[in-house]
Amino acid sequence: MKIVWLSILIISSLLLVGILLRNKLSWGWLKGFALHIVIAAGLLYLVNELAIVEGLHIPLNPITISTAVVLGVPGVLMMAGVQLFIV
């Protein structure tokens, strides 16, 4: 059963990559998304390295970077607030 699911995953991934490479509109979207990921990771890195607030450390993992990509600077501030006041 695992082989069936793995083959479905591989085939669907290859089809998705084929669609992305075929459409020119997807390149702009893909570049923008990659730029947002880099900016979000850089912002989280700066927050951790500058250490403006003592004891504030937001780990760089897929969840925190995704939150920063989707919500932007308010998302980073939200994660900092959660880190300081709840955790």
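Look a little higher up for the structure.
Each value, and the rule that gives it
Every chain's residues receive numbers from 1 upward, in the order its sequence appears when written. Local features in this predicted model are restricted to residues whose pLDDT is 70 or higher, and side-chain atom pairs enter the listing and the counts only when it is 80 or higher, whereas totals over whole chains, interfaces and linings include all residues. Side-chain numbers come from the whole structure's heavy atoms, not from hydrogens or water. Per the convention used, a helix needs a DSSP run of H or I reaching at least four residues, while a strand needs a run of E reaching at least two, with both numbered from the N terminus. Radius of gyration here uses only the C-alpha atoms, and the compact-globule reference equals 2.2 Å multiplied by the residue count raised to the power 0.38. To sort residues, take the accessible area from a 1.4 Å probe on protein chains only and compare it with the maximum for the residue type: under 20% means buried, over 50% means exposed, and anything in between is partly exposed. In this description, accessible areas are obtained by the Shrake-Rupley approach with a 1.4 Å probe, and a residue is regarded as covered only by the protein chains that are shown. Counting of polar contacts relies on pairs of N or O atoms within 3.5 Å, with two restrictions inside protein: one atom must be capable of donating a hydrogen and the other of accepting it, and residues adjacent in sequence are counted only when both atoms are side-chain atoms. In what follows, residue pairs with any heavy atoms lying within 4.5 Å of each other are defined as contacts. Lines are fitted to the C-alpha atoms to define the axes, a helix being fitted only along its stretch in contact, and any angle between axes, read from their N-to-C directions, falls within 0 to 180 degrees. Orientation categories follow fixed angle ranges, with anything under 35 degrees roughly parallel, anything over 145 roughly antiparallel, 65 to 115 roughly perpendicular, and all other angles oblique. For this classification, the nonpolar set comprises Ala, Val, Leu, Ile, Met, Phe, Trp, Tyr, Cys and Pro, the charged set comprises Asp, Glu, Lys and Arg, and every other residue, Gly included, is treated as polar. Only buried Ala, Val, Leu, Ile, Met, Phe, Trp, Tyr and Cys residues count toward a nonpolar core, and they belong to the same one when joined by side-chain atoms within 4.5 Å. Patches were defined on residues exceeding 30% relative accessible area and lacking a salt bridge, with like-charge contacts within 9 Å and nonpolar side-chain contacts (Val, Leu, Ile, Met, Phe, Trp, Tyr) within 5 Å. Counted as salt bridges are all cases of a side-chain nitrogen of Lys or Arg within 4 Å of a carboxyl oxygen of Asp or Glu.

### Quick word on the overall build of the protein chain
For the protein chain, the helix and strand inventory stands at 4 helices and 0 strands. When the helices and strands of the protein chain are placed in sequence order, the string is α-α-α-α. A compact globule built from 87 residues would reach a C-alpha radius of gyration of about 12 Å, whereas the protein chain, at 18 Å, exceeds it by more than 25%. When the 87 residues of the protein chain are sorted by exposure, 17% land in the buried category. Carbon together with sulfur atoms contributes 78% to the accessible area of the protein chain, which is approximately 6900 Å² in total.

### Considerations on the side chain of Asn48
Note on placement: Asn48 falls in helix α2 (residues 25-50). A relative accessible area of 13% places Asn48 in the buried class. Polar contacts involving the side chain of Asn48 include one to the main-chain carbonyl oxygen of Ile58, which spans 2.5 Å. Non-local contacts of Asn48, meaning those with residues more than four positions away in its chain, are made with Leu56, His57 and Ile58.

### A closer look at helix α3 (residues 62-71)
Regarding α3, the residues found buried are Thr64, Ile65, Thr67, Ala68 and Val69. Immediately beyond the C-terminal end of α3, within one or two residues, lies Gly72, with a positive phi of roughly 75°.

### Thoughts on the packing of α3 against helix α4 (residues 73-85)
At a minimum axis separation of 6 Å, α3 and α4 run at an interaxial angle of 135°. Judged by the angle between their axes, α3 and α4 are oblique. Together, Thr64, Thr67, Ala68 and Leu71 of α3 and Val73, Pro74, Gly75, Val76, Met78 and Met79 of α4 make up the contact between the two elements. Considering only residue class, the contact of α3 with α4 consists of 7 nonpolar, 3 polar and no charged.

### Re the nonpolar core
Ala40, Leu44, Leu56, Ile58, Ile65, Ala68, Val69, Val76, Met79 and Ala80 together form the largest nonpolar core, which totals 10 residues. Those elements giving two or more residues to this core turn out to be α2, α3 and α4. Each residue touching Val69, except ones within four places of it in the same chain, is listed here: Phe33, His36, Ile37 and Ala40.

### Side note on a nonpolar patch on the surface
Nonpolar side chains collect at one region of the surface, where Leu46, Leu50, Ile52, Val53, Val70, Leu71, Met78, Val82, Leu84, Phe85, Ile86 and Val87 lie side by side and expose about 1300 Å² of accessible area between them. Counting only elements with at least two residues in the nonpolar patch, the list comes to α2, α3 and α4. It is α4 that contributes the most residues to the nonpolar patch, 4 residues altogether. Along the chain, Val87 falls in the segment after α4. The class for Val87 is exposed, based on a relative accessible area of 70%.

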